[in-house]
Amino acid sequence: MKQFNRLKGNQGEEMAENYLRKRGYEIIVMNHQTRFGEVDIVALKNGTLVFVEVKFKQTEQFGTPEEMIGKNKLNQVRRTAEMYLLTNPDIAKKFDRYQIDAICIVGNEDNSIKRISHYENIY
Amino acid sequence: MLTKILSASHFGLEPNLIEVEVNVFKKGFPGFSIIGLPNKSIEEAKERVKTAILNSDIDFPNQKIVVNLAPADIPKEGSLYDLPIAIGILASMELVKMPDEKSFFYGELSLDGGLRHTKGVFLLGLAAKQKGIKSVFVPSGSANEASVLSGIDVYPVKSLSELITHLNGIKKIEKLSHSADSFEGPRSEDLNVEFDFAEIIGQESAKRAMTIAMAGGHNIFMMGSPGSGKTMLARASAGILPPLTDDESLEVTKIYSVSGLIPAGEGLIHERPFRSAHHTTSRIGLIGGGTNPHPGEISLSHNGVLFLDELPEFSRGTLEALRQPLEDGVVNITRIAGSVEFPAKFMLIAAANPCPCGYLGDPKKECKCTPRMIMKYQSKLSGPLMDRIDIHINVPAVDINKLMSTNSKPQILNSKAVREQVSKSRKIQEKRFKGLNVYVNANMKNKHIKEFCNITKEASVLLKQAVNSYNLSARTYFRIIKVSQTIADLSESKTIEHNHVAEALQYRVRNE
């Protein structure tokens, strides 16, 4: 089951990656892990460093992906992002603005994308 | 889109206009936040509103929603904001049309989309009248509270979906007509009381004293050994309380509405309150208080009776806190959030044993207490507090033979007859104090005594003698006149005769 979740997560992150690339984002790192947690995607657009939290749901039957990103999750992403900036000073120095985005993806049964929503600067 | 909905909260007994601003954003991460100093019960409104909307067959918007309760610096509490928030969201989504005239929305939502009985609707009605707001939408269970007031349209709402169809003009909710006859109400003749006066055998003098106290709203203190019937007398006195007058009824309803003590579906309170507080009651519980002040027992027994059994068992601080409200008939509670005045014109019935073992002065049983114990016990009842009690009586133990005798005595007055006596004398008082905001003799101010009390020459000589020989305080002097006036009213005499004063004195002078 755990493995299966991981598989689905990777699937979602792949979709998000493609989505961002298409819109002109430069992907810096995927799945950056610290002891506080994980940032799914660190990307770059127009001089702003963007930390992206990706939520993928195969079906909306048990709630929307938006509902799954609560206050605590946001705080976790923020702390992880700060940790990333501390441990990578050479990247952090280059930018003076950061933001946290969320990408929520809902899939169909045949693994195609039903909808993909990008919310900017949600913290 | 931004929508503004009007509602009202209250601070103490003063209504506050609250504007519920709801914005449903087109952009942004979905979420639901409520700002404007909400407390926990409002935080939880999110889940109630969301579920109620879903259960009314409307999709809850997957959008960012911000609710602001303005003015933002007043702390808000209670579940009354559920309905305004829900309507605000629906109006922002353009699913309902807001009424053209200014309207109040008020009430707690149930998960199924129904509206629950919510406290404080009577105050909402008052606020609507004050601010000139024509229509109020309230839960159907609480609507009767507001329909007592004239000049406003009260719409009893059963459920959220019913209100949506009303606002969209599909099916109108019938408004509740102002019921002038609500004052007539169900004033039942046979009150639901534990004891009837006729059940109490003996204790004739105590019953007489109780009748006087009830007629004039005087405070009464009963002292007697255990089992002599003090508590029974007090409980039976609930049955001789006259019904509330119209003005009194409005005052009491206001307090009860704020406290949420009006049962669903009922409007005005007609029965005079009878509250009894246990001796472990805290000071705040008795006087009122809290960060957002709530009325205490003394305000809940406004225009009625507060019964404190085992008076010396109350903590000293609690009893002394009674002093000021006993004198002024109001209690001022000041907290950081502001100052509140609650009315507290109550009649105090207090009962106590004479000593810790209870048998001091009993003719049959010996008291086992040391003088020191007795002193300590009685010193709990401070002079200033006892000075504020008009009628002091001893309730001696009843002779067992009298209790067991089977021959019934038809001359014993039952509660109904006593109640009529009391009502009659209250009517005389009501007429006397018309327009003065005084209802009973006990609440007379000194200037009223000068104005209304006709003391005959003989009576005033007697009074003067008593003051000199017993060293009575100025307050006691005036209180004796008040009791004499009540006794005169009971015997339907226009003047205070010397026998009236003599009876009043007998209740006053305590055997130390």
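Structural data are supplied above this passage.
Everything numeric in this text was worked out from a predicted model, so none of it was measured.

Another aspect to go through is the sheet that holds strand E14 (residues 305–308) of chain B. Residue and element names in this part refer to chain B. Judged by pairing direction, the sheet is parallel, and its five strands sit side by side in the order E11-E14-E17-E10-E18 without closing on themselves. For this open sheet the edge positions go to strand E11 (274–277) and strand E18 (391–394), each flanked by a neighbour on one side alone. Strand after strand, the sheet turns through a mean of 15° between neighbouring axes, direction not considered. Of the pairings in the sheet, the one linking strand E10 (residues 220–223) to E18 comprises four bridges and is parallel in character. Each residue of the ladder has a partner; that of Ile220, found in E18, is Ile391. Of the strands in this sheet, E10, strand E17 (347–352) and E18 are in contact with helix H7 (residues 204–216), which crosses E18 at around 165°.

Time to look at unusual backbone geometry. Residue and element names in this part refer to chain B. Cis geometry marks the peptide bond from Ala70 to Pro71; its omega dihedral reads -5°. Inspection of the secondary structure assignment puts Pro71 in the loop between strand E4 (64–70) and helix H3 (82–92). Its identity as a non-glycine residue notwithstanding, Gln203 has a phi of 55°, on the positive side. By secondary structure assignment, the location of Gln203 is in the loop between helix H6 (160–167) and H7. The buried category is assigned to Gln203, around which 23 C-beta atoms lie within 10 Å. One non-glycine residue with positive phi stands out, namely Asn437, at about 65°. Relative to the elements of secondary structure, Asn437 occurs in the loop between helix H17 (415–432) and helix H18 (446–452).

Before going further, it helps to spend a moment on the sheet that holds strand E2 (residues 37–45) of chain A. Residue and element names in this part refer to chain A. Spatial ordering of the open sheet is given by E1-E2-E3-E4-E5, a layout of five strands whose pairing is mixed. The open sheet is flanked by strand E1 (26–34) and strand E5 (113–119), the only strands paired with a single partner. Going from strand to strand, the sheet's axes swing by 25° on average, the running direction of each strand aside. Inspection of the sheet shows E1 paired to E2 by seven bridges, in the antiparallel sense. Among the inter-strand pairings, Met30 is bridged to a residue of E2, identified as Ile41. The strands touched by helix H1 (residues 2–22) are E1, E2, strand E3 (48–57), strand E4 (98–107) and E5; relative to E3, the strand with the most contacts, the crossing angle is about 135°. Sheet strands touched by helix H2 (residues 71–87): E1, E2, E3 and E4. Its angle to E2, the strand with the most contacts, is close to 65°.

Parameters at a glance
Residues numbered from 1 in each chain as written. Chains lettered and ligands numbered in written order. Predicted model: local features only at pLDDT ≥ 70, side-chain atom pairs only at ≥ 80, totals over all residues. Pairing = 2+ DSSP bridges. Helix = DSSP H or I, 4+ residues; strand = E, 2+ residues; numbered from the N terminus. Axes fitted to C-alpha atoms, helices over the stretch in contact; angles between N-to-C directions. Contact = placed C-beta atoms within 7 Å. Buried ≥ 20, exposed ≤ 12 C-beta atoms within 10 Å, placed from the backbone.

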